[in-house]
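Coordinate analysis (summary)
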Amino acid sequence: MWVKFGRTGLPYSLLTIKQLFMICTRFCAWLFAVALLGGLVGCSSSADQLDSQISDALEDNTLDVEEADALRVFIGQESKALGKDKKTSILITPDGKLDESALVAYIKRNRTYRKLVKEGKNPTLNLSGGAVAGKPLRLKLYLEASGSMFPYDAPGGNGLFKRTLNDVLTEFDAVNPNQGKLFVVNTEVNDLGLSLSQFFKEKDIFTVAKTKGKTTSTDFEKIFSDILQNTSGDDLSILVSDLIYSDPSLTGMSAQKTLDAASSLLSTVFNPYANTHSMLVIKLKADFDGTYYSWNNAKKKYTGERPYYLCLIGRNEAMQRLYQDQTYQTIRQFNELPGYQDSWFFGRDTKAVTPFYSVLVNDPARKGRFKRSDEEVRNHDKAVHALTDVQPDVADKSLTIPVAVDLSALRVPASLLTNASQYDVSGKDNFRVTSVQTYAGANGTTHKLLLTTDKPARGKRTVTIRLRREFPPRWIENTNTTNDASPDASSTFGIQNLLQGVERAYNPNNQTDYFTLTINLE
């Protein structure tokens, strides 16, 4: 029996030793090349694998939430290796967590992302359900159509109510043309059925709204639940309402029990969304000419100014864009809206709880003598949190330490941030905040605090600064009433109780401060 081998067609016995050697050599070389290639692929770094995963995700010009979560999982698994790699170390915070803003920046440096941008394709990044880059915000306006709202656009009024709504709608339409949607809310949530241009032309904006749902009462549980559930991605929803809580099912109950029910109701509605959504409540005033319905549906004729509210609701990412994106600079100047009175923000933001801060060791406002700690100098730390050789001023023995802090993530009134009395300081030195100024400094710092003491302590000690978190703010407290039998120009029945329920959802542990800053002295 003869055996053929390869292309020679020769019997095995007729192959020379030299031929066998050449065949074996080539075969072994091929095996070695395959093994080497496999080894190279298997030895790719964690950073390379992350880059490949990002490139794959961007193939369709969009990095969606699921793909972003997959990146987070991979980064979590490879955090040690990525933290040691100079290229990816910026992604990992000192406590081993992922820096979300650094991830966005890293994705934008990816080769595939830059290639798509160069081709004019503008990739969309949906890292948390809201586009970081891509589509403009899309407005959804929810107009309460109940008996107590109709007199705001009465024929005898000055038109302030309609003018405010028109301003809001036109400003959003200028950014994202023909994308706004209009809804009517009361006991139901319905499409208004009008385009923006048709809405603007209506002599009485409630003419069509009156035909939608039951106008005898307002179901805030249904309204807020529906808005929160249907506000996603680039949506920004605005509820226009007088926020007077009246539930037909509570007929016969006392005012206090009705208010307690309202507070509990809003807590329950907002609890599931407290980590993902934020809300800005704006108080405005407008002419009111008609019948006022109190909490227990008692009727009273009233002519004069009355407060009403805009409740802006969006995912945290969308609200961040509203507050920070240059595109919305005009829109977010809510204090310039006709009839504006006040506002309050409900939300959660890690950056707000742990803001960047640093002592300004060379600032002209300093008094006394101090320098940065040797350890921070050796570590090249970005922020100054520890001071040594702390000595009082030679002339008056006082000590003033300027501190820069980034308060950009705190959506509280500017007047509160610059109110020195809102800050508590503890420590042996008996420091007090004597001044808070707006400030444009390094690392995004927005405010400068001056810590002053007349009797500095000695030795090692710690100074702790806190910004008090207080609810309700004064304007909500002053607006609230538990008896609206005689309506007036400034009060709203149960507004404090209603919004207290929202506050409880966002601050379930009753934290008494927004943030804590610590400075070590020696």
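Residues numbered from 1 in each chain as written. Predicted model: local features only at pLDDT ≥ 70, side-chain atom pairs only at ≥ 80, totals over all residues. Heavy atoms only, no water.

**Overview of the pattern of salt bridges**
Where charged atoms from two side chains of opposite charge approach closely, those side chains can pair. The cut-off we apply is this: In the sections that follow, a salt bridge refers to a side-chain nitrogen of Lys or Arg positioned within 4 Å of a carboxyl oxygen of Asp or Glu. Every helix listed is a DSSP run of H or I at least four residues long, and every strand listed is a run of E at least two residues long, numbered separately from the N terminus. Whether a residue is buried, partly exposed or exposed follows from its accessible area with a 1.4 Å probe, protein chains only, as a fraction of its type maximum: under 20%, in between, or over 50%, in that order.
Under the definition given, this model contains 21 salt bridges. Between Lys 87 and Asp 51 there is a salt bridge, with its nearest N and O atoms 2.3 Å apart. Taken together, the positions of Lys 87 in the loop between helix 4 (79-84) and helix 5 (100-109) and Asp 51 in helix 2 (residues 46-57) put the pair 36 residues apart, joining distant regions of the chain. A relative accessible area of 15% means that Asp 51 is categorised as buried.

**A look at the sheet that holds strand 15 (residues 432-438)**
Just so we agree on the cut-off: The pairing criterion for strands is at least two bridges between them, as found by DSSP. Helix axes use the C-alpha atoms of the stretch in contact, all axes being lines fitted to C-alpha atoms, and the angles between their N-to-C directions lie in the range 0 to 180 degrees.
Within the open sheet, the four strands sit side by side as 10-13-16-15. Their pairing is antiparallel. Only two strands of the sheet have a single neighbouring strand rather than two, namely strand 10 (357-359) and strand 15. The sheet shows a mean angle of 25° between the axes of neighbouring strands, direction not considered. Sheet topology places strand 10 next to strand 13 (residues 399-405); three bridges connect them, and they run antiparallel. By the bridge assignment for strand 13, Tyr 357 is matched with Val 405.

**Overview of the environment of Val 390**
So the rule is basically this: It only takes one pair of heavy atoms within 4.5 Å for two residues to be counted as in contact.
For Val 390, the location among the structural elements is in strand 12 (residues 386-391). On the basis of relative accessible area, Val 390 is assigned to the buried category, the value being 10%. A sequence separation of 21 residues divides Val 390 from Arg 369, and the C-alpha atoms of the two residues are 5.6 Å apart. Apart from the residues within four sequence positions on either side, Val 390 is in contact with Arg 369, Phe 370, Leu 399, Arg 461, Leu 521 and Glu 522.

**Observations concerning the sheet that holds strand 11 (residues 369-372)**
Pairing within the open sheet is mixed, and its five strands lie in the order 11-12-20-17-14. Single-partner strands in this sheet number two, and they are strand 11 and strand 14 (423-426). On average, adjacent strands in this sheet sit at an angle of 30° to one another, irrespective of strand direction.

**Comments concerning the packing of helix 11 (residues 255-270) against helix 17 (residues 495-506)**
Relative orientation and spacing of two packed helices are given, respectively, by the angle between their axes and the distance between those axes. Going by this rule: Handedness of a helix crossing follows the sense of rotation of the near helix relative to the far helix, less than a right angle counterclockwise being left-handed and clockwise being right-handed. Residues were grouped as follows: Ala, Val, Leu, Ile, Met, Phe, Trp, Tyr, Cys and Pro as nonpolar; Asp, Glu, Lys and Arg as charged; and all remaining residues, including Gly, as polar.
Viewed as axis vectors pointing N to C, helix 11 and helix 17 meet at an angle of 30°, and their least axial separation amounts to 7 Å. Once helix 11 is placed against helix 17, the crossing between them reads as right-handed. Residue-level contacts link Gln 256, Leu 259, Ala 262, Ser 263, Ser 264, Leu 266, Ser 267 and Phe 270 of helix 11 to Asn 497, Leu 498, Gln 500, Gly 501, Val 502, Arg 504, Ala 505 and Tyr 506 of helix 17. Tallied by class, the residues present in the contact of helix 11 with helix 17 amount to eight nonpolar, seven polar and one charged.

**Overview of the packing of aromatic side chains**
Just so we agree on the cut-off: Here is the rule: rings of Phe, Tyr and Trp (six-membered ring for Trp) pair when centre to centre is within 6.5 Å. Planes less than 30 degrees apart are stacked, more than 60 are edge-to-face, and the remainder are tilted.
Per the counting criterion, the structure on display carries 19 aromatic pairs. Seen from their ring centres, Phe 220 and Tyr 245 are 6.5 Å apart, and the 20° between their planes marks the pair as stacked. Of this pair, Phe 220 sits in helix 10 (residues 220-229) while Tyr 245 sits in the loop between strand 6 (235-241) and helix 11, and the two are 25 residues apart along the sequence. On the accessibility criterion, Phe 220 (1% relative accessible area) is buried. In this structure Tyr 245 comes out as buried when scored by relative accessible area, which is 7%.

**So, the confidence of the model for the protein**
Put simply, the test is: The predictor attaches a confidence to each residue, called pLDDT, with possible values from 0 through 100.
Scored by pLDDT, the protein has a mean of 88; 90% of the residues are at 70 or more. Throughout residues 1-18 the model reports pLDDT below 50, and contacts reaching past four residues in sequence, or to other chains, amount to 12 contacts. Low pLDDT, under 50, characterises residues 129-133; the predicted model gives this stretch 19 contacts beyond four residues in sequence or across chains.

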